[in-house]
Amino acid sequence: MDKRTVLVLGGGVGGLVAASVLRRELAPEDRVVLVERASKHTFWPSLLWLMSGSRKAEQVQRDLEPLARRGIEVRHGEITEIDPERRRVVVGGEELTGDALVVSLGADLVPERVPGLAETGGNFYTVDGAKQVYDQASSLQAGRVAVVVADVPFKCPAAPYEAAMLLEGLLRRRKVRDQVTVTVYAAEPAPMGVAGPEVSRGVVELVRQRGIEYCPSTKLTRVDASGKRLYFDTGAEAEFDVLAVVPPHAAPEAVRNSPLAGPNGWIPMDPATCETRFENVFAIGDVTTVPLKLGKPLPKAGVFAHGQAEAVAHTLAARLRGRGKEQKFDGHGECFIEMGGGAAGFARGNFYAEPAPQVQMYRAGRHWHAAKVAFERNWWRTWF
Ligand SMILES: Cc1cc2nc3c(=O)[nH]c(=O)nc-3n(C[C@H](O)[C@H](O)[C@H](O)COP(=O)(O)OP(=O)(O)OC[C@H]3O[C@@H](n4cnc5c(N)ncnc54)[C@H](O)[C@@H]3O)c2cc1C
């Protein structure tokens, strides 16, 4: 039988899982090529613990080289062109062609879209930014901590609320909480809105119970880095001493410039098969847009990228090798909500349910935090 090649674009959550399952399911002579610009894989959920002092940078990232030892060809470089018709990409000036493409290029962070934001820093969606927030919050004696969601959409709907609660916990541990205000300014009308009003209310309650002020529907328009001042579309202004920010997101440039992009830059695909309008070209994870019946898109979250990656890898093994059956992604997902003090909440449900997602929030406790720690340990054990 002919040798087949699958190009997996992106070595983040979706790409790592897709490449690993494909390697297991395809024939040994088939090639699985993983293309990634970063030298390391980052386990993004751990950035919240890096930001609150319970992880070091070296604990949240790993080299991709162990994948090469398992027969996945790792190609480091920037993808600058994607031609889905020919299943061809350009990486660092060199062309690669495959029998199938799995596009899992995530979302680019674009702080430069808000004047003054890039100069201010505090972007805890990067390793350096999370470390910076920790350094500032761990020496603050009095003042204001601002957690800001600059714009929508953004990945991990729970992350800014977790960040606020973890920073609040850090200030309490340091016995300076009474001298510091913590405020969340969010561009969205309610936390985790796609999961439904019960989950939104639950998260607002968790935040307010900790004395954290919550300002929804407040979009960041400008930051004065030297004056430490935030400006919002509502006309409101706020001062800060420590800023922890979720910057605006955009579809990666190579995707925006390709025929895969929909009108807003993200990739539309079949919500169940994850196949794009091009045969054997699949898109998964944050780079996609999946409209739901309630009028909002499926949230950008690792749990969905992971589920979609498994489904696509099985489908490709069935198509290219006749092994097993094609699989569909069913819209189920779950999420831990870190609250500080070694406790967490948990929500789980079916996001493809109609007319609206059916998501249940479980009683918070220490066991959910322990489950998230176990999930992190299993991530490294399973994929590296
Ligand atoms: C602080 C934080 C906490 C989070 N917590 C959770 C959580 O608890 N639960 C959850 O479900 N989700 C969580 N998420 C969200 C989750 O990490 C993302 O939804 C998930 O990583 C999406 O996977 P992906 O494969 O689509 O994209 P990514 O994991 O972002 O991977 C995309 C990859 O593509 C690479 N890439 C992009 N463009 C190019 C290019 N041109 N050339 C080469 N390579 C390129 C990138 O370097 C990256 O490695 C969190 C995110 C953050 C930031």
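Structure: above.
What this report covers is the structure whose coordinates are included nearby. Along each chain, residue indices are assigned from 1 in the same order as the chain's sequence is written. A pLDDT threshold of at least 70 governs which residues receive local features in this predicted model, and a stricter bar of 80 or more applies before side-chain atom pairs are shown or counted, although totals over entire chains, interfaces and linings include all residues. Note that water and hydrogens are dropped before the side-chain values are worked out from all heavy atoms of the structure.

**Remarks on the state of the cysteines**
- By disulfide we mean two sulfur atoms from cysteines, separated by a distance within 2.5 Å. According to the stated counting rule, one finds 0 disulfides in the structure shown.
- With no disulfide of its own, Cys-274 has Cys-156 as its nearest cysteine by sulfur position, at a separation of 19 Å.
- Think of it in three bands: residues with accessible area under 20% of the maximum for their type are buried, residues over 50% are exposed, and the middle band is partly exposed, with areas taken using a 1.4 Å probe on protein chains only. Take Cys-274: its relative accessible area is 0%, and that puts it in the buried class.

**Focus on the side chain of Arg-88**
- For the purposes of this entry, the term helix denotes a DSSP run of H or I that reaches at least four residues, the term strand denotes a run of E that reaches at least two, and both are numbered from the N terminus. Mapped onto the fold, Arg-88 is located in strand β7 (residues 88-91).
- At 2.7 Å, the side chain of Arg-88 forms a polar contact with the side chain of Glu-95.
- Excluding its chain neighbours within four sequence positions, the residues that come into contact with Arg-88 are Glu-81, Ile-82, Asp-83, Glu-95, Leu-96 and Thr-97. Polar contact is defined as a pair of N or O atoms within 3.5 Å, subject to the rule that within protein one atom must be able to donate a hydrogen and the other to accept it, and that residues adjacent in sequence are counted only when both atoms are side-chain atoms. The contact criterion used throughout is that any non-hydrogen atoms of two residues lie within 4.5 Å.

**As for the pairing of β7**
- With burial as the criterion, each face of β7 is covered, one bearing Arg-88 and Val-90 and the other bearing Val-89 and Val-91.
- Pairing between two strands requires that DSSP report at least two bridges joining them. Looking at chain direction, strand β6 (residues 79-83) and β7 are connected through 4 bridges and run antiparallel. The partner of Asp-83 across the bridge, within β7, is Arg-88.
- Hairpin geometry of β6 and β7 is characterised by an intervening segment of 4 residues between the two adjacent antiparallel strands and by a positive phi of about 50 degrees at Arg-87.
- Sheet topology note: the β7/strand β8 (residues 94-97) ladder contains 4 bridges and is antiparallel. Opposite Val-91, over in β8, you have Glu-94 as the bridge partner.

**Structural notes on the sheet that holds β7**
- As summarised here, the arrangement of the 3 strands in space is β6-β7-β8, forming an open sheet in which the pairing is antiparallel. Each edge of the open sheet is held by one strand with a lone partner, namely β6 and β8. This sheet shows a mean twist of 20 degrees between the axes of neighbouring strands, independent of strand direction. Comment: axis = line fitted to C-alpha atoms, over the contacting stretch for helices; angle = value between 0 and 180 degrees taken between N-to-C directions.

**Thoughts on the environment of Leu-206**
- Its location among the elements puts Leu-206 in helix α7 (residues 197-209).
- Setting aside anything within four residues of it in sequence, one finds Leu-206 in contact with Met-165, Met-339 and Met-361.

**Description of the site of the ligand**
- Working definition: residue near molecule or strand if any one of its non-hydrogen atoms lies within 4 Å of it. The local shell around the ligand holds 26 residues, among which Gly-14, Glu-36, Ile-79, Ser-104 and Val-303 are the closest.
- Between the ligand and Val-13 there is a distance of 3.0 Å, counted from an oxygen atom to a backbone nitrogen or oxygen.
- The backbone of Ala-301 places a nitrogen or oxygen atom 3.5 Å from an oxygen atom of the ligand.
- Residue exposure ignores everything except the shown protein chains as possible cover, and the areas themselves are Shrake-Rupley values with a 1.4 Å probe. Across the complex, the protein chains shield 94% of the 990 Å² of accessible surface that the ligand would expose by itself.
- Breaking the shell around the ligand down by element, the ones donating at least two residues are α1 (13-25) and α9 (302-321).
- At 3 residues, α9 tops the list of elements feeding residues into the shell around the ligand.

**Some words on unusual backbone geometry**
- Cis geometry marks the peptide bond from Val-152 to Pro-153; its omega dihedral reads 0 degrees.
- Here Pro-153 is to be found in the loop between β11 (143-149) and α6 (159-173).
- Following Glu-354, the chain continues to Pro-355 via a peptide bond in cis, the omega torsion being 10 degrees.
- Inspection of the secondary structure puts Pro-355 in the loop between β23 (343-350) and β24 (358-365).

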